[in-house]
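If you want the building blocks of each chain, they are given just below.
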Amino acid sequence: MEAKLVYRGLRQLSDWALRFYSEIPVTIPHGRPVCFWAKSTMFKNPLVRTILLSSGSIPVARNPNSVSAPAEPGQGQSTVHEALFRETFKALDREEVIGVFPEGTSYTEPGIAQVKDGASRAALEYVKWAQETKDGGQGRKLQIVPVGIVYTNKSQYQSKPIDVEAFANKRISEDQTSSLTVDSRSLVKELSAEIEKEMMKLTINAPDWDTLYAIEAARDILWDGRERLPASHFVWISQNLVSLFSDPHAAPSASKARQALLRYHSLLYYADISHGALWGILPDPSTRPSRSHAIGIFIRQLLIAVLHPRFVFFLSTLPAHIPAYATGLLADRILGNPEEEETHAQFKAIAGGVAASAAYAGVTALIVRKLVGGSAGMVVGGKTPAFILPALKSLCAAGRWLFNGDSGLSGRARAAVGVFGIFYATSFLVSRWHNYWVGSNYTQFKRLIASWKLVIGLLSPRSGELKGERLTPYTVPYIPPPNPFIKRLEGAQGVNTRAHLPRAPLVSSRKLIRPLLEARSEATRSLWSFLVDSKYLRGLVSAKMKGEAWMQVGPATPPAL
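K.L.:
How should I be thinking about the overall build of the protein chain in this particular structure?
P.N.:
A tally of regular secondary structure across the protein chain gives 19 helices and 7 strands. When the 561 residues of the protein chain are sorted by exposure, 42% land in the buried category. Long-range pairs, those at least 24 residues apart, make up 69% of the contacts in the protein chain between residues at least 6 apart in sequence. When the accessible surface of the protein chain is totalled, it reaches about 30,100 Å², and 61% of it is carbon and sulfur.

Spelled out as structure tokens, the structure:
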């Protein structure tokens, strides 16, 4: 097993900053390092290449639009595949984990658009290789664990491992023609189909963008925003709504509900307000607040934002994270691709993580200087409370021992250990404290911004709001352009029913507030009418109808957890 110090360091930083690896235990089994397949062009930069190779990444040469074209100059497809499989087999032989994104490219689509055969072929080739070279492959069990990544605050993914050798043996034994072998193309296709089937169960898949946008708006209305929806049921409920809105035999009221939900979704997007934030300040969709009511809502949200104890706790570590927020936003603005949704989070995370690490290093340097200073009062920068004085004196004594020793090898080693220990402890404590409080404060911040937009919109004269044809472009949801790297079959899932149109021109949210409130009211009424008409409604319903806070839709029982 290789040390992979760079991998472990980056993983630890991401854990501190994003709590990523600690929240997906099924994705990273038992905390084992993962050797990801990465496209070969990423290895051209010497620095990036060093980081990737030391992290265990394996280069993949590919050309999504031409299977027959060589992926690298001077190399044929067979040579490229042999190199990829050779490095993959070495990693598997070391009992390491291989991470593969089987779609073969990054894309933004309403569902899984394609699953390529690379992972299946590599898995079956490894089984064949192990059988031929490793005592028949006895004792080595290769499993594929399909993973669904859903962009919400889920803490656990439900995955069903596929035993590759058992899958191959079963299909071969069932073959009546005796033509199947472990590395046959038809068996590779069957395994790819099995992987795709399991991935589809773990993700949300809609036939087109309009259906996806409609069910997002419906889901938010039914559960008052994503925060109130049980994370374990997120995919199950969303996919049930997809089935409901894409049913060709749906109730006649489906079309009206769909259009109302799309209008509401689009106005939320262009006003840059989330349904959860709007619901937080105006729970009743039928409410038409007056100007004085809107001002009162804003004042209340402002007082909650700044006077709540959570803000005081959050404020204590906010200065150390301002560089991370600023750097992340700047990187997103400069490097993010408006047409690729995932790039926004990607560049924010990378740039913000680097800036946060630098900030933690600065805090570490400050603590070291205080400790070297030698007095407990200097450590806290003022008068020291008597009850913590003994602990601070012990801390200062430890600091003097670590940093004021001799200048020889022993003294430098102690200082290095001390700096690393303080950096680790500082990063761990400051990041965990910040992450604990940032979520609730961010939710309140969004409500505060929404209440301010509400005030400005209602104080503005009606003559300034958009109406008629001027409003129409903002009531039609934006659809991303087709991804050129996806090979589509005619009628395949993910093909848009509407042509790609550019985003509507930027407009002040104050011109959209009144239409937005009307759209929310209409979307809510139309949705409930459709659910009642379709007889798809059960359990508890909204506060307006039965006095309860939430409802459920879907089959009689949820999937086993």
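K.L.:
When you look at the side chain of Ser266 in this model, what are you seeing that I'm missing?
P.N.:
Among the secondary structure elements, Ser266 is positioned in helix H9 (residues 254-271). Aside from chain neighbours lying at most four places away, what touches Ser266 is Tyr474, Thr475, Val476 and Pro477.

K.L.:
Explain helix H6 (residues 185-202) here, please?
P.N.:
Given 3.6 residues per helical turn, the α-helix brings residues three or four places apart onto the same face. In this model, H6 (18 residues) spans 26 Å end to end at C-alpha, consistent with the 26 Å of a helix rising 1.5 Å per residue. Residues Leu187, Val188, Leu191, Ser192, Glu194, Ile195, Glu198, Met199 and Leu202 constitute the buried set of H6. Buried residues along H6 cover an arc of 160° about the axis, so they all sit on one side. Away from the buried face of H6 by more than 90 degrees, exposed residues Arg185 and Lys201 are located. Residues of H6 that are buried in the fold lie against helix H4 (118-133), strand S4 (143-144), strand S5 (162-163), helix H5 (164-174) and helix H8 (234-245).

K.L.:
Sorry, what's going on with the pattern of salt bridges here?
P.N.:
Oppositely charged side chains are able to pair whenever their charged atoms sit close together. All told, the structure shown has 9 salt bridges when counted by the stated rule. Here Glu522 makes a salt bridge to Arg525, at a shortest N to O gap of 2.7 Å. A residue pair is termed a helical-turn pair when its members lie 3 or 4 positions apart in one helix, as Glu522 and Arg525 do in helix H18 (residues 513-533) at 3 residues. Its relative accessible area of 26% is what places Glu522 among the partly exposed residues.

K.L.:
What exactly am I supposed to notice about the pairing of strand S1 (residues 34-39) here?
P.N.:
If a strand is regular, its side chains alternate between the two faces of the sheet. With 3 bridges connecting them, S1 and strand S3 (residues 97-99) associate as parallel partners. What sits directly across from Phe36, in S3, is Gly99. Where S1 lies against strand S2 (residues 58-60), 3 bridges are found, and the strand directions are parallel. If you follow Trp37 over to S2, its bridge partner there is Ile58. On the question of chirality, the crossover connecting S1 to the parallel S2 by way of helix H2 (residues 46-54) is right-handed.

K.L.:
For this particular structure, what's the right way to read unusual backbone geometry?
P.N.:
Glycine aside, negative phi is the norm for most residues, and most peptide bonds take the trans geometry. The phi dihedral of Glu95 is positive, around 65°, even though this residue is not glycine. Along the chain, the position of Glu95 falls in the loop between helix H3 (77-93) and S3. Here Glu95 falls in the exposed class, since its relative accessible area comes to 55%.

K.L.:
Please clarify how helix H13 (residues 318-335) should be interpreted in this entry.
P.N.:
Under the 1.5 Å per step criterion, the end-to-end length of H13 is 25 Å for 18 residues, consistent within 8% with the ideal 26 Å. If you check which residues of H13 are buried, you get Leu318, Ala320, His321, Ala324, Gly328, Ala331 and Asp332. Looking down the long axis of H13, one finds its buried residues gathered within 145° of arc, a one-sided arrangement. Of the exposed residues in H13, the ones pointing more than 90 degrees away from its buried face are Pro319, Leu329, Arg333 and Ile334.

K.L.:
Please clarify how the sheet that holds S1 should be interpreted in this entry.
P.N.:
Taking strand neighbours across the sheet as the criterion, the 3 strands line up as S2-S1-S3 in an open arrangement whose pairing is parallel. Edge strands, defined here as strands with exactly one partner in the open sheet, are S2 and S3. The average angle at which neighbouring strand axes cross in this sheet is 30°, direction not considered.

K.L.:
I tried to follow the side chain of His321 on my own but got confused; where do I start?
P.N.:
Tracing the sequence through the fold places His321 in helix H13. The contacts of His321, once residues within four sequence positions are left out, are Tyr360, Val430, Ser431 and His434.

K.L.:
Looking at this structure, I do not really get the packing of H5 against H6. What am I missing?
P.N.:
Packed helices, taken two at a time, are described by their axes: the angle between them and the distance between them. Where H5 contacts H6, the axes come no closer than 11 Å and their chain directions differ by 125°. Relative to H6, the element H5 is oriented oblique. Helix-helix and strand crossings are classified by hand; for H5 and H6 the assignment is right-handed. Where H5 approaches H6, its residues Val164, Phe167, Ala168, Arg171 and Ile172 are matched on the opposing element by Leu187, Glu190, Leu191 and Glu194. Here the contact of H5 with H6 is composed, by residue class, of 6 nonpolar, no polar and 3 charged.

K.L.:
I'm lost on the nonpolar core in this one. Help?
P.N.:
What tends to happen in soluble globular proteins is that the nonpolar side chains get buried as a cluster. The biggest cluster of nonpolar side chains holds 62 residues, and the ones touching the most others in it are Phe245, Leu261 and Leu454. Of all the secondary structure elements, the ones that give two or more residues to this core are helix H7 (209-222), H8, H9, helix H10 (275-281), helix H11 (291-307), helix H17 (409-459) and H18. Among the elements that line this core, the one with the most residues is H9, at 10 residues. Sequence-distant contacts of Phe245, that is, excluding residues within four places in its chain, are made with Thr211, Ile215, Ala218, Ala257, Arg258, Leu261, Leu527 and Phe530. In this structure, Phe85, Val127, Val188 and Ile195 belong to the second largest nonpolar core, which totals 33 residues.

K.L.:
Just checking my understanding: could you explain the environment of Thr524 for this structure?
P.N.:
Structurally, the position occupied by Thr524 is in helix H18. For Thr524, a relative accessible area of 12% puts it in the buried group. Sequence separation between Thr524 and Pro285 is 239 residues; the distance between their C-alpha atoms is 7.3 Å. Residue contacts for Thr524: discarding those within four places in its chain leaves Ile221 and Pro285. Of note is the side chain of Thr524, whose polar atom sits 2.8 Å from the backbone oxygen of Arg520.

K.L.:
Quick question: what am I supposed to make of a nonpolar patch on the surface here?
P.N.:
Taken together, the side chains of Ile295, Ile299, Leu302, Leu303, Val306, Leu307 and Leu459 define a hydrophobic patch exposed on the protein surface, amounting to about 590 Å² of accessible area. With respect to the element layout, Leu459 can be found in helix H17.

K.L.:
Could you clarify how one ought to interpret the confidence of the model for the protein chain in this entry?
P.N.:
Low pLDDT means the predicted atomic positions in that stretch should not be read closely. On average, residues of the protein chain carry a pLDDT of 78, and 75% of them reach 70 or more. Averaged pLDDT values for the elements of the protein chain fall to 39 in helix H19 (residues 543-546) and rise to 96 in H11. Counting interchain partners and residues more than four positions distant, the pLDDT-below-50 stretch residues 153-158 has 19 contacts.

Reading guide: rules and limits
Residues numbered from 1 in each chain as written. Predicted model: local features only at pLDDT ≥ 70, side-chain atom pairs only at ≥ 80, totals over all residues. Heavy atoms only, no water. Helix = DSSP H or I, 4+ residues; strand = E, 2+ residues; numbered from the N terminus. Buried < 20%, exposed > 50% of the residue type's maximum accessible area, 1.4 Å probe, protein only. Contact = heavy atoms within 4.5 Å. Areas by Shrake-Rupley, 256 points an atom, 1.4 Å probe, with all protein chains shown as cover. Expected span 1.5 Å × (residues − 1). Arc of directions from axis to C-beta. Salt bridge = Lys/Arg side-chain N within 4 Å of Asp/Glu carboxyl O. Pairing = 2+ DSSP bridges. Right-handed = clockwise from strand over helix to strand, strands pointing away. Axes fitted to C-alpha atoms, helices over the stretch in contact; angles between N-to-C directions. Parallel < 35°, antiparallel > 145°, perpendicular 65-115°, else oblique. Left-handed = near helix turned anticlockwise from the far one by under 90°. Nonpolar A, V, L, I, M, F, W, Y, C, P; charged D, E, K, R; others polar. Core = buried A, V, L, I, M, F, W, Y, C linked by side-chain atoms within 4.5 Å. Polar contact = N/O pair within 3.5 Å; in protein donor to acceptor, adjacent residues only side chain to side chain. Patch = residues over 30% accessible without salt bridge, like charges linked within 9 Å, V, L, I, M, F, W, Y side chains within 5 Å. pLDDT = per-residue confidence, 0-100.

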